[in-house]
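Structural description and commentary
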Amino acid sequence: MSDERDDRGFAELGAALPAPDLDTTTAERIALRARADLGAGPPKRRFILPIAVGIPAVAYLVWTLSQVLDLF
């Protein structure tokens, strides 16, 4: 029941929104870009920064653990 009410509420909100004033070529470019990105998943370069940060962090952790073990 609440799903139907939500759908109806969203439809009412969408009807109240003003129509975007884009020219046809811009709208087509946006649509083509959105269709190309649809289902593509996140870019592979997104994982470069975590790897670049993770490697020095793990190396520092290993060094710290070796220093602690040397104390014993």
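None of the values given here were measured: they were computed from a predicted structure.

On to a negative patch on the surface, then. A contiguous patch of negative charge on the surface is contributed by Asp3, Glu4, Asp6 and Asp7. Tracing the chain through its elements places Asp7 in helix α1 (residues 2–16). For Asp7, a relative accessible area of 52% gives the class exposed.

Of the residues in the protein, 99% have a pLDDT of 70 or more, and the chain-wide mean is 89. At the low end of the mean pLDDT range in the protein sits α1, at 84; at the high end sits helix α3 (residues 48–71), at 96.

If you walk through the whole model with that rule in mind, you get one salt bridge. The partner of Arg33 in a salt bridge is Asp37, and the shortest N-O contact between them spans 3.4 Å. Separated by four residues within a single helix, Arg33 and Asp37 lie in helix α2 (residues 24–37), roughly one turn from each other. Its relative accessible area of 45% is what places Asp37 among the partly exposed residues.

Cut-offs used in this document
- Residues numbered from 1 in each chain as written.
- Predicted model: local features only at pLDDT ≥ 70, side-chain atom pairs only at ≥ 80, totals over all residues.
- Heavy atoms only, no water.
- Patch = residues over 30% accessible without salt bridge, like charges linked within 9 Å, V, L, I, M, F, W, Y side chains within 5 Å.
- Areas by Shrake-Rupley, 256 points an atom, 1.4 Å probe, with all protein chains shown as cover.
- Salt bridge = Lys/Arg side-chain N within 4 Å of Asp/Glu carboxyl O.
- Lys, Arg positive; Asp, Glu negative; His and termini not counted.
- Charge placed at Lys NZ, Arg CZ, Asp CG, Glu CD.
- Helix = DSSP H or I, 4+ residues; strand = E, 2+ residues; numbered from the N terminus.
- Buried < 20%, exposed > 50% of the residue type's maximum accessible area, 1.4 Å probe, protein only.
- pLDDT = per-residue confidence, 0-100.

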